[in-house]
Amino acid sequence: MIEALRGLGYNTATALADIIDNSIAAKAGTVDIRFIWAGKQSRVEIQDDGNGMSALELDKAMRLGEKNPLEQRNRDDLGRFGLGLKTASFSQCRRLIVASLGKDALQSLYWDLDILATSKDDGWYLLEGTPEGSDGILEPLKEAGRGTLVIWELLDRIVTDGFTDQDFLDLIDRVERHLAMVFHRYLENSRSFVLRINEKPIKPWDPFLSGHLGKPWHSPPAMSPVALGVEIECHVLPHKDKLSPAEFDAAQGPDGWTAQQGFYVYRNKRLLVAGSWLGLGTGRSWTKDEAHRLARIRLDIPNSADAEWKIDIRKSTARPPVELRSWLVRFAEDTRARARKAFVHRGQIPRLKNGSSVIQAWKAEHFTGGMRYRIDIEHPAVRAALDEAGNLLPQIKAMLRVIEETVPVQRIWLDTAENKEAPRTGFAEEPSAEVVSILEILYSNMTKLKGMSPALARERLLQSEPFQNYPELVAALPDTI
């Protein structure tokens with residue numbers, strides 16, 4: 001049975017997160033993870049300064065299925081199945097040693113899967129003390145005087161054939177990124193919780209860039225009207241243009257911008273799901289795509305809702321109950337729409353300071369067969385050409401229609417997906433003189449041919465895409481050209 005449990009799907013980072021959950025539940029203020037490289041004899045140690053366990057508590061903690069997952073838990077309990085310590089550890093190693101120092105004297109028990117495999121009967125041999133040749137391995141716990149020490153030895157799922165010390169270092173980096181994300185809400189208060197790898201403190205990774213001035217929008221927290229303790233908060237992250245290179249690289253998270261979009265599901269501030277649309281959608285389930293990569297939604301659920309949310313043993317999946325799906329879809333649709341606009345418009349929602357919409361050159365038309373894009377003939381640049389077209393009006397209208405019917409949508413999406421960036425628009429990176437030359441043509445048409453006052457012409461230009469992004473150039477237009 002234990003060999004079967006090794007295949008639950010943990011990786012090293014998710015397995016360590018399960019161990020750290022126990023430390024948090026034990027009121028630990030500091031958790032130290034030590035990766036010790038020694039080839040096939042390498043080991044991993046997790047030590048905390050929590051309350052520690054008595055002999056009876058340790059014995060129960062080392063047994064499989066000692067707790068009934070249906071039992072009511074404390075509100076701050078991060079466990080559920082009574083399997084995490086064992087299954088997480090067995091997924092990485094063949095020998096698990098757990099020592100604890102609480103109110104009782106130092107206690108130590110260990111599982112050795114090789115001993116179980118070679119035993120001639122079906123006994124569950126949970127062994128006392130430490131394995132032969134492990135003298136001094138408990139010294140760090142003795143020196144600390146309290147807490148719990150978990151040791152993984154015989155790392156057959158980590159140190160495989162061909163595994164080198166550089167692979168070990170790369171593994172440490174991946175673990176650090178994962179733990180920085182999963183426990184970021186604990187780590188943000190460094191006075192109450194510190195997590196270290198080989199004595200180096202882990203810095204929290206905030207998926208929502210809280211407080212960043214470049215964020216175009218985030219919603220206030222909202223409580224579910226039907227599910228007690230469920231809270232949602234929606235975020236649209238800044239466009240790349242609003243971030244420094246270092247900020248952009250850090251904000252993408254362990255798996256990159258596209259993979260990290262969607263819901264972030266927390267239970268007691270511990271992250272369970274890091275970016276997923278949870279099978280939600282309108283018509284069919286949403287998939288992760290470039291257009292919505294700036295959308296991230298924080299979702300908090302209580303640990304009393306584990307069964308309703310289908311939380312698994314690894315605490316890595318969640319499925320919202322039916323009664324909440326429409327509520328979640330409503331918030332997610334709004335967030336996705338805002339994120340799409342921020343992405344397409346390079347981080348800027350096309351609205352004026354007074355809240356009115358900017359006149360855009362393109363508009364989307366929805367019809368029974370789908371949607372299409374049309375040039376807005378009321379845009380000042382288009383309107384000016386049509387009004388002065390004279391005999392050329394039919395040819396100009398034909399030209400606009402050809403442009404509308406040949407928008408290279410597929411090519412744009414392909415280039416965007418491959419380059420991970422939207423094409424440059426709105427005179428991006430063009431010299432100011434190029435923008436001014438276009439402005440002067442439109443400004444002259446408005447003032448000389450249409451009889452607008454200079455002030456009204458400037459106002460109309462500021463209400464039109466993409467000139468709303470160049471208020472200084474518009475304001476500098478002279479009263480006469």
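Residues numbered from 1 in each chain as written. Predicted model: local features only at pLDDT ≥ 70, side-chain atom pairs only at ≥ 80, totals over all residues. Heavy atoms only, no water.

Caption draft 1: Inspection of the nonpolar core at higher detail. Counting 57 residues, the largest nonpolar core has I33, F35, W152, F183 and L195 as the members making the most contacts within it. Residue contributions to this core peak at eight residues, all from helix 7 (residues 165–182). Here L195 is in contact with I20, V31, I33, L179, F183, L187, K200, P201 and I202, once residues within four sequence places are set aside. (Core = buried A, V, L, I, M, F, W, Y, C linked by side-chain atoms within 4.5 Å. Buried < 20%, exposed > 50% of the residue type's maximum accessible area, 1.4 Å probe, protein only. Helix = DSSP H or I, 4+ residues; strand = E, 2+ residues; numbered from the N terminus. Contact = heavy atoms within 4.5 Å.)

Caption draft 2: Seen up close, the pairing of strand 7 (residues 194–197). Burial along strand 7 is one-sided: L195 and I197 are buried, while V194 and R196, pointing the other way, are not. The sheet contact formed by strand 1 (residues 30–36) and strand 7 spans four bridges and is parallel. Looking at strand 7, one finds that D32 is bridged to R196. Pairing geometry for strand 7 and strand 8 (residues 200–201), over two bridges, is antiparallel. (Pairing = 2+ DSSP bridges.)

Caption draft 3: Structural view of the pattern of salt bridges. Evaluation of the coordinates by the stated rule reveals 30 salt bridges. Between D300 and R298 there is a salt bridge whose closest N-O contact spans 2.0 Å. With relative accessibility at 10%, the residue D300 sits in the buried group. With a relative accessible area of 9%, R298 lands in the buried category. Sharing partners across several salt bridges, the network here consists of E3, R6, R94, D114 and D156. (Salt bridge = Lys/Arg side-chain N within 4 Å of Asp/Glu carboxyl O.)

Caption draft 4: Structural detail: the packing of helix 12 (residues 380–387) against helix 13 (residues 393–405). Direction vectors running N to C along helix 12 and helix 13 enclose 150°, while the axes themselves pass 9 Å from each other. Taken together, the axis directions place helix 12 and helix 13 in an arrangement best described as roughly antiparallel. Residues V382, A385 and L386 of helix 12 touch helix 13, and the partners they reach there are L393, I396, K397 and L400. In terms of residue class, the contact of helix 12 with helix 13 is made up of six nonpolar, no polar and one charged. (Axes fitted to C-alpha atoms, helices over the stretch in contact; angles between N-to-C directions. Parallel < 35°, antiparallel > 145°, perpendicular 65-115°, else oblique. Nonpolar A, V, L, I, M, F, W, Y, C, P; charged D, E, K, R; others polar.)

Caption draft 5: Main features of the packing of aromatic side chains. Under the counting rule described, the total for this entry stands at 13 aromatic pairs. With a centroid separation of 5.3 Å and an interplanar angle of 25°, the aromatic rings of F248 and W257 are classed as stacked. Put simply, the rings of F35, W37, F163 and F168 touch in pairs and so form one group of aromatic residues. Of note, R185 hangs over the ring of Y266, and the distance from its end group to the ring centre comes to 4.6 Å. A cation over an aromatic ring shows up here: K240 above the ring of F248, its NZ or CZ 5.1 Å from the ring centre. (Phe/Tyr/Trp six-rings, centres within 6.5 Å; stacked < 30°, edge-to-face > 60°. Lys NZ or Arg CZ within 6 Å of the ring centre and 35° of its normal.)

Caption draft 6: The arrangement of helix 7 in detail. Spanning 18 residues, helix 7 covers 26 Å between terminal C-alpha atoms, matching the ideal 26 Å at 1.5 Å per step. Regarding helix 7, the residues found buried are F168, L171, I172, V175, E176, H178, L179, A180, M181 and V182. (Expected span 1.5 Å × (residues − 1).)

Caption draft 7: Broad picture of empty space enclosed by the protein. Applying the stated rule across the entire model yields one cavity of 30 Å³ or more. As for the largest cavity, its lining consists of P238, H239, K240, F248, W257, R293, L294 and F343. The residue inventory of the lining of the largest cavity, partitioned by class, reads five nonpolar, one polar and two charged. (1 Å grid on protein atoms, 1.4 Å probe; cavity = no way out; pocket = protein on both sides within 12 Å on 5 of 7 lines; lining within 4 Å. Points joined across faces, edges and corners; volume = space filled by probe spheres on them.)

Caption draft 8: The pairing of strand 2 (residues 43–48), seen in detail. Of all six residues making up strand 2, five are buried, and the element is well covered by its neighbours. As paired elements, strand 1 and strand 2 share six bridges and run antiparallel to each other. Its bridge partner being in strand 2, F35 is matched across the sheet by V44. Two successive antiparallel strands, strand 1 and strand 2, enclose a turn made up of six residues, where G39 displays a positive phi of approximately 65°. Both strand 2 and strand 6 (residues 147–153) contribute to a ladder of five bridges, which runs antiparallel.

Caption draft 9: Fine view of the sheet that holds strand 7. The strand order across the open sheet built from eight strands is 5-4-3-6-2-1-7-8, with neighbouring strands paired in mixed fashion. The sheet is open, and its two borders are formed by strand 5 (127–128) and strand 8, each paired with just one other strand. In this fold helix 7 packs onto strand 1, strand 2, strand 7 and strand 8, with an angle of close to 160° to the strand it touches most, strand 1.

Caption draft 10: Seen up close, a nonpolar patch on the surface. Where nonpolar side chains cluster on the molecular surface, the patch consists of W362, M371, Y373, M399, I403, V409 and W413 and spans about 650 Å² of accessible area. Mapped onto the nonpolar patch, the elements with two or more residues apiece are strand 16 (370–375), helix 13 and helix 14 (409–419). In this fold, Y373 is placed in strand 16. (Patch = residues over 30% accessible without salt bridge, like charges linked within 9 Å, V, L, I, M, F, W, Y side chains within 5 Å. Areas by Shrake-Rupley, 256 points an atom, 1.4 Å probe, with all protein chains shown as cover.)

Caption draft 11: Seen up close, the packing of helix 2 (residues 12–25) against helix 7. In contact at an axis separation of 9 Å, helix 2 and helix 7 are set at 50° when each is read in the N-to-C sense. Considering their axes alone, helix 2 and helix 7 lie oblique with respect to each other. For the pair helix 2 and helix 7, the sense of crossing is right-handed. Residues T12, A13, T14, L16, A17 and I20 of helix 2 touch helix 7, and the partners they reach there are L171, V175, H178, L179 and V182. (Left-handed = near helix turned anticlockwise from the far one by under 90°.)

Caption draft 12: Seen up close, the side chain of R270. Within the secondary structure, R270 sits in strand 13 (residues 270–276). Residue R270 is classed as buried on the basis of its relative accessible area of 3%. Reaching out from R270, the side chain makes a polar contact with the side chain of D21 at a distance of 3.0 Å. (Polar contact = N/O pair within 3.5 Å; in protein donor to acceptor, adjacent residues only side chain to side chain.)

None of the figures reported here should be taken as evidence of function without further support.
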